Amino acid sequence: MSTAMSPTYDHQRYEKKHWDAWIQGEWFHGNLASDQQAYSVLIPPPNVTARLHMGHGLNNTIQDLIIRWKRMQGFNCCWLPGTDHAGIATQMMVEQTLASEGTSSKELGREAFFARCVQWQEENGNIIIEQLKKLGASCDWDRQAYTMDAKLSRAVRKIFVDLYEAGLIYRGERLVNWDPALKTAISDDEVESREVNGSLWHIAYALEDDPHNTIVVATSRPETLLGDTAIAVHPEDERYRHLIGKRAIVPIIKRLIPIIGDQAVEPQFGTGCVKVTPAHDPNDFAMGKRHNLPAITIFTDACHLNEQCPPHLQGLERFAARKQIIDELSQLKALIEVSATRQALPFSQRSNVPIEPRLSLQWFVRMQALAEPAIAAAKDNELNFYPSQWKKTYLHWLENIQDWCISRQLWWGHRLPIWYCQSCSAVTTGMSDPSQCQACGHDELSQDEDVLDTWFSSWLWPVSTLGWPEETRDLEKFFPSQVLVTAPDIIYLWVARMVMMSYFTRGKLPFKDVYFNALICDKQGRKFSKTLGNGIDPLAIIEQYGADAVRYTCVSLAPLGGRVKMSSEDFQNGARFINKIWNAARFLLNYTAAATALEDFDEASLDLPSCWLLQSFGETSREINRLLERYQINEAVDLLYQFIWRNFCDWGLEAAKLSLEKKAPEDAAAKVQTLSVLGFVFEGLLRLAAPLIPFVCEELWQRFPAHPRWPRPASLVIAAYPDAAQLPSFPQAHQQWGRVQELISAIRSLRSQGRIPPKELLAPLVQAETKLLGILTAHSPWLASLAGLGSFSASETVETPPQQSLVATGQGWTVYLPVGSHLDLDEERKRLAQEVKRVEKIIVALAAKLGNAHFVDRAPEEVVEQSKEQLANMESQLTALQTNLRSLAR
């Protein structure tokens with residue numbers, strides 16, 4: 001066994017080696033023949049156009065931690081990976097490539113352009129998959145899926161046909177998010193609201209029955225007055241209620257429109273009157289429906305004014321049209337006022353242009369009936385959310401759900417399986433392309449030009465990836481999955497839709513738990529974005545610090561559902577933690593270099609520090625498993641860190657040095673015992689940490705001698721995860737050594753407070769109760785070694801405390817440390833007196849707060865308990881300060 005180790009962990013030497021071994025061992029593959037309980041997770045499929053960013057890093061590390069943990073618990077795990085064809089994003093990428101070649105999609109034609117998209121995906125679509133592998137993602141790579149492959153495309157067609165035949169898919173004219181650059185409808189997640197400088201134009205509309213009088217409206221979009229079909233006021237607004245039922249004249253085009261009353265109008269906004277343009281504003285569209293108003297579309301698909309507009313304006317781009325109309329309104333003296341304002345403007349994330357609400361003939365899914373079982377699942381707590389507050393968001397959206405526009409005016413994607421008869425205009429669909437009209441038998445059919453929204457294939461992800469609509473063994477074994485780890489911003493677009501789809505196709509939930517990972521921001525709390533240039537490239541960080549450092553840092557900083565403020569420097573913490581484990585292994589291997597296996601330890605003859613370490617390991621294992629079961633992953637990682645750094649390294653290894661450094665033959669047995677305990681716990685902590693930092697743990701596990709209490713499979717990937725129920729337990733010894741530790745820590749603190757050099761041996765006096773006195777006396781060598789003592793006096797009573805000493809008290813003990821020769825006593829007394837006053841003020845404030853019935857009754861219970869705990873701590877601190885002040889006065 002090779003034990004030569006560099007002073008620091010070199011990730012570049014080991015990551016590829018272990019990744020290749022894991023893949024060769026096929027340890028990530030879900031086994032259909034296994035009788036172990038199945039546990040499956042479905043990766044949120046990244047776009048084929050995507051490149052790994054830190055959000056991917058966090059999300060996939062959490063998934064990988066969960067699946068590795070369950071695999072080590074003995075589950076038959078399947079973490080199913082894949083990618084999304086990303087309709088708009090991919091089409092834009094290919095369009096850009098074609099433009100650089102001096103051609104375009106129109107010149108190529110639909111079939112040739114589609115072929116170029118396929119080619120682009122084959123050349124570039126797997127880049128993010130390879131990047132996920134660098135992160136260590138232990139997916140079932142043999143089952144990798146893609147939303148445009150034949151199996152998933154068949155599922156897309158099947159769900160479309162089933163929904164159409166059930167009357168849940170229809171064609172209709174609705175307002176959509178229209179991207180005039182891409183000339184397609186886009187989904188809500190592809191719209192980004194941006195705060196911009198704008199204007200509010202006050203425009204006068206003459207009254208039909210009294211042209212010399214006007215009604216003034218305020219609008220941020222004067223160009224849309226060409227599509228106005230009403231003016232609305234609040235029905236109880238005394239200024240305007242007398243005008244309801246009359247008609248006004250639209251400037252420039254002189255169209256007569258009614259003045260209506262509607263509760264949605266805000267009297268305090270602008271003039272209290274608003275123009276109603278149903279074809280170009282969502283609120284106006286809804287108002288138009290309520291009042292039966294016509295909807296006039298004034299823009300082409302490129303957002304140029306169309307034939308509904310006066311001839312001299314036709315063809316103008318929308319912002320050029322705005323300028324022209326403002327000029328004409330000024331000439332007509334109809335422009336009364338212009339005021340500057342800040343407004344939220346919706347932009348297309350893809351083309352970076354303002355989207356246009358546009359009335360358009362599109363295909364829709366009726367969502368209300370599909371939403372009912374999805375609502376019931378959440379209300380009945382069959383579907384759980386972590387954090388739980390997202391349940392309210394989920395239910396609010398489903399209970400107010402609108403029909404889903406599923407058609408896109410693109411060439412890349414799943415083309416709608418709809419054919420129109422050129423003879424009778426009947427619509428035909430089915431699982432195979434029709435050769436004739438189902439209504440009249442005519443053979444001249446034309447397929448709909450649109451493709452389906454990318455989310456229409458993504459909502460099938462829980463079933464299509466496992467073979468649906470066929471009844472496959474994968475579907476039987478791994479559906480439903482256990483948990484979905486995703487971002488909260490797609491709770492509507494993806495999470496809720498998958499639940500609806502799963503009930504429609506399988507009659508059950510696709511997963512029982514939804515974990516929403518934290519949002520990663522920069523140190524100023526701003527989301528990472530290309531515009532701000534504040535992102536962190538995870539691949540660069542992996543290159544510098546290694547995948548384990550990225551994984552540890554991401555998760556350790558990320559509370560459940562919170563926000564993470566992150567910078568590149570944070571990853572140094574991950575590297576330090578990994579090197580701490582690495583150097584602990586180097587220390588241990590100095591004593592086990594010649595061993596291929598460690599001897600077992602005798603539980604009946606262990607020293608107190610060894611018993612404490614074993615009990616701490618068992619308690620940590622129990623708590624980490626409990627936290628992971630509750631998806632408190634950040635807390636589990638923090639507990640792991642504390643155990644490794646504090647319990648094992650700072651206490652376990654330091655206490656063990658007393659035995660390990662002895663050379664006498666009579667100490668050999670104790671040394672073997674100590675090494676066995678350390679080896680057992682060290683392998684255990686490698687198993688605890690392996691789901692989080694798998695590469696370094698695998699390397700150290702392969703190097704380290706086997707322990708008889710840990711069965712050794714071929715890889716740590718499939719080794720058993722620590723189970724507290726099967727670990728040795730020493731609760732009494734743990735408590736006893738804990739009291740010794742408390743005393744050691746107090747002496748160390750007094751040394752620091754007394755400014756005594758670290759190498760100077762101390763001579764404290766300890767007063768302790770009888771039972772503890774025996775423990776301290778029996779373990780005086782450890783006290784001396786760990787606290788830096790030259791001598792140690794302990795008794796049940798201290799008649800005369802030593803003069804000029806600092807004092808600390810604990811459970812059943814008091815320690816006096818003479819410091820007169822090291823400390824400026826006058827200065828220290830002044831400092832202590834000032835500190836006493838400061839703490840007394842805090843105590844008075846806390847006592848007043850807790851004595852305030854209003855605070856106690858209204859504040860959350862945990863806040864009140866925290867205040868009580870803080871008060872108790874301050875009172876304890878005050879007692880210690882006063883004791884030290886009295887002691888130094890002697």
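All of the points below concern the structure found in this document.

Cut-offs and rules
Residues numbered from 1 in each chain as written. Predicted model: local features only at pLDDT ≥ 70, side-chain atom pairs only at ≥ 80, totals over all residues. Heavy atoms only, no water. Helix = DSSP H or I, 4+ residues; strand = E, 2+ residues; numbered from the N terminus. Buried < 20%, exposed > 50% of the residue type's maximum accessible area, 1.4 Å probe, protein only. Contact = heavy atoms within 4.5 Å. Areas by Shrake-Rupley, 256 points an atom, 1.4 Å probe, with all protein chains shown as cover. Lys, Arg positive; Asp, Glu negative; His and termini not counted. Charge placed at Lys NZ, Arg CZ, Asp CG, Glu CD. Expected span 1.5 Å × (residues − 1). 1 Å grid on protein atoms, 1.4 Å probe; cavity = no way out; pocket = protein on both sides within 12 Å on 5 of 7 lines; lining within 4 Å. Points joined across faces, edges and corners; volume = space filled by probe spheres on them. Nonpolar A, V, L, I, M, F, W, Y, C, P; charged D, E, K, R; others polar. Phe/Tyr/Trp six-rings, centres within 6.5 Å; stacked < 30°, edge-to-face > 60°. Lys NZ or Arg CZ within 6 Å of the ring centre and 35° of its normal. Pairing = 2+ DSSP bridges. Axes fitted to C-alpha atoms, helices over the stretch in contact; angles between N-to-C directions. Parallel < 35°, antiparallel > 145°, perpendicular 65-115°, else oblique. Left-handed = near helix turned anticlockwise from the far one by under 90°. Salt bridge = Lys/Arg side-chain N within 4 Å of Asp/Glu carboxyl O. Core = buried A, V, L, I, M, F, W, Y, C linked by side-chain atoms within 4.5 Å.

### Observations regarding the overall build of the protein
Working step 1: Counting secondary structure elements, the protein contains 28 helices and 29 strands.
Working step 2: If one aligns the C-alpha atoms of the protein with their principal axes, the spans along those axes are about 105 × 65 × 50 Å.
Working step 3: The burial tally for the protein puts 53% of its 890 residues in the buried class.
Working step 4: For the protein, restricting intrachain contacts to residue pairs at least 6 apart in sequence, the fraction spanning at least 24 positions comes to 77%.
Working step 5: When the accessible surface of the protein is summed, it comes to about 39,300 Å², and 48% of that surface belongs to carbon and sulfur atoms.
Working step 6: A distance of 3 Å separates the average location of the 89 positive side-chain charges in the protein from that of its 105 negative side-chain charges.

### Thoughts on the environment of lysine 662
Working step 1: Among the secondary structure elements, lysine 662 is positioned in the loop between helix H20 (633-660) and helix H21 (668-689).
Working step 2: Since its relative accessible area comes to 40%, lysine 662 is described here as partly exposed.
Working step 3: It is 75 Å that separates the C-alpha atoms of lysine 662 and leucine 98, two residues lying 564 residues apart in sequence.
Working step 4: Beyond its immediate stretch of four places on either side in the chain, lysine 662 contacts Asp667 and Lys671.

### Concerning helix H3 (residues 87-100)
Since the α-helix turns once every 3.6 residues, residues separated by three or four places project in the same direction.
Working step 1: Taking 1.5 Å per residue as the helical rise, H3 with its 14 residues ought to reach 20 Å, and the 20 Å between its terminal C-alpha atoms agrees with that figure.
Working step 2: Among the residues making up H3, those that are buried are Gly87, Ile88, Ala89, Thr90, Gln91, Met92, Val94 and Leu98.
Working step 3: Contact partners of the buried residues in H3: helix H4 (105-108), helix H5 (110-124), strand S6 (184-186) and helix H12 (454-458).
Working step 4: Of the residues flanking the end of H3, it is glycine 102, one or two places downstream, whose phi is positive at about 80°.

### Some details on empty space enclosed by the protein
Working step 1: Summed over all chains, the structure comprises four cavities of 30 Å³ or more.
Working step 2: Here the largest cavity defines a volume of roughly 100 Å³.
Working step 3: Residue lining of the largest cavity: 15 residues in total, with Pro609, Ser610, Gly652, Ala655 and Ala656 positioned closest to the centre.
Working step 4: Broken down by secondary-structure element, the contributors of at least two residues to the lining of the largest cavity are helix H19 (608-629), H20 and H21.
Working step 5: In terms of residues, the lining of the largest cavity owes the most to one element, H20, which gives five residues.
Working step 6: Classifying every residue of the lining of the largest cavity gives 10 nonpolar, four polar and one charged.
Working step 7: Estimated volume of the second largest cavity: approximately 70 Å³.
Working step 8: In this structure, the second largest cavity is lined by Leu65, Ile624, Leu628, Ala636, Val637, Leu640, Leu688, Pro691, Leu692 and Tyr721.
Working step 9: Considering every element that reaches the lining of the second largest cavity, the biggest residue donor is H20, with three residues.

### Observations concerning unusual backbone geometry
Working step 1: Look at the link from tyrosine 386 to proline 387: it is a cis peptide, with omega at 0°.
Working step 2: In this fold, proline 387 is placed in the loop between strand S15 (384-386) and helix H11 (390-399).
Working step 3: Here the amide bond leading from tryptophan 468 into proline 469 is cis, since omega sits at 20°, within 30 degrees of zero.
Working step 4: Note on placement: proline 469 falls in the loop between helix H13 (461-464) and helix H14 (473-478).
Working step 5: Notably, isoleucine 252 is not glycine yet its phi reads approximately 75°, a positive angle.
Working step 6: Its location among the elements puts isoleucine 252 in the loop between strand S10 (247-249) and strand S11 (256-261).
Working step 7: When its relative accessible area of 17% is taken as the criterion, isoleucine 252 is described as buried.
Working step 8: A positive phi angle, near 65°, is found at cysteine 303, a position not held by glycine.
Working step 9: Considering the arrangement of structural elements, one finds cysteine 303 in the loop between helix H8 (282-291) and helix H9 (318-331).

### A look at the packing of aromatic side chains
Working step 1: Going through the model one piece at a time under the given rule, you end up with 37 aromatic pairs.
Working step 2: Ring centres of tryptophan 22 and phenylalanine 695 lie 5.0 Å apart, and the angle between their planes is 35°; this geometry places the pair in the tilted category. Pair noted here: tryptophan 22 is in helix H1 (residues 11-25) and phenylalanine 695 is in helix H22 (residues 694-703), with a separation of 673 residues, a long-range link.
Working step 3: You can call phenylalanine 695 buried: its relative accessible area is 1%.
Working step 4: Chaining the aromatic ring pairs together yields one cluster made of Phe160, Tyr164, Trp363, Trp404, Phe456 and Trp459.
Working step 5: Against the face of phenylalanine 364 rests arginine 174, its NZ or CZ located 5.4 Å from the ring centre.
Working step 6: In this structure, arginine 497 packs its charged tip against the face of tryptophan 404, placed 3.8 Å from the ring centre.

### Thoughts on the sheet that holds strand S27 (residues 793-795)
Working step 1: Pairing within the open sheet is mixed, and its four strands lie in the order S27-S26-S29-S28. Both edges of this open sheet fall to S27 and strand S28 (805-810), since each of them pairs with a single strand only. Ignoring strand direction, the axes of neighbouring strands in this sheet form an average angle of 15°.
Working step 2: Summarising the sheet, strand S26 (residues 765-768) and S27 pair through three bridges and their orientation is parallel. Within S27, the residue paired with glutamine 767 across the bridge is serine 795.
Working step 3: Running at roughly 25° to strand S29 (residues 813-818), helix H23 (residues 731-753) makes contact with S26, S28 and S29 of the sheet.
Working step 4: In the packing of helix H24 (residues 770-778) onto the sheet, the strands contacted are S26, S27 and S29, and the crossing angle to S26 comes to about 140°.

### Description of the sheet that holds S6
Working step 1: Strand order across the open sheet formed by four strands is S6-S5-S14-S16, with antiparallel pairing between neighbours. Among the strands making up the open sheet, the edge pair consists of S6 and strand S16 (404-405).
Working step 2: Two elements, strand S14 (residues 356-365) and S16, share two bridges in a ladder whose sense is antiparallel. The residue of S16 that forms the bridge with phenylalanine 364 is cysteine 405.

### Observations concerning the pairing of strand S23 (residues 511-516)
Working step 1: Counting buried positions along S23 yields five of six residues, so the element is predominantly enclosed.
Working step 2: Strand direction decides the pairing type here: S15 and S23, joined by three bridges, are parallel. Bridge assignment links tyrosine 386 to a residue of S23, and that residue is tyrosine 515.
Working step 3: In the sheet, strand S22 (residues 481-486) pairs with S23 via five bridges, with the strands oriented parallel.

### Some thoughts on the packing of helix H2 (residues 54-72) against helix H6 (residues 127-135)
Working step 1: Look at H2 against H6: their axes get within 11 Å of each other, and the N-to-C directions meet at 60°. Taken together, the axes of H2 and H6 are oblique relative to one another. Crossing handedness for the pair H2 and H6: right-handed. In contact with His56, Gly57, Asn60 and Thr61 of H2, H6 contributes Ile128, Leu132 and Leu135.

### Topic: the side chain of threonine 49
Working step 1: Its place among the elements puts threonine 49 in the loop between strand S1 (38-42) and H2.
Working step 2: Judged by relative accessible area, threonine 49 falls into the buried class, the value being 14%.
Working step 3: Every residue in contact with threonine 49, bar those within four places of it in the chain, is listed here: Ala86, Ala89, Thr90, Met93 and Trp120.

### Observations regarding the pattern of salt bridges
Working step 1: Per the counting criterion, the structure on display carries 47 salt bridges.
Working step 2: The shortest N-O distance in the salt bridge between glutamate 190 and arginine 350 comes to 3.9 Å. Of this pair, glutamate 190 sits in the loop between S6 and strand S7 (191-207) while arginine 350 sits in the loop between strand S13 (335-348) and S14, and the two are 160 residues apart along the sequence.
Working step 3: For arginine 829, the salt bridge goes to aspartate 826, with nearest N and O atoms at 2.8 Å. Note that arginine 829 and aspartate 826 are positioned in helix H26 (residues 825-850) at a spacing of three residues, about one turn of the helix.
Working step 4: Given a relative accessible area of 23%, arginine 829 falls into the partly exposed group.
Working step 5: Within the structure, one salt-bridge network assembled from shared partners comprises Arg221, Glu223, Glu317, Arg318, Arg322 and Glu356.

### Some remarks on the nonpolar core
Working step 1: Core analysis: the largest hydrophobic core is formed by 212 residues, its most contacted members being Tyr394, Phe456, Phe648, Phe682 and Ile693.
Working step 2: Residue contributions to this core peak at 13 residues, all from H20.
Working step 3: With sequence-adjacent residues up to four places away left out, phenylalanine 648 is seen in contact with Ala584, Leu588, Leu613, Phe643, Leu653, Leu678, Val681, Phe682 and Leu685.
Working step 4: If you look at the next biggest cluster of nonpolar residues, it comprises 30 residues, including Ile203, Leu225, Phe299 and Ile326.

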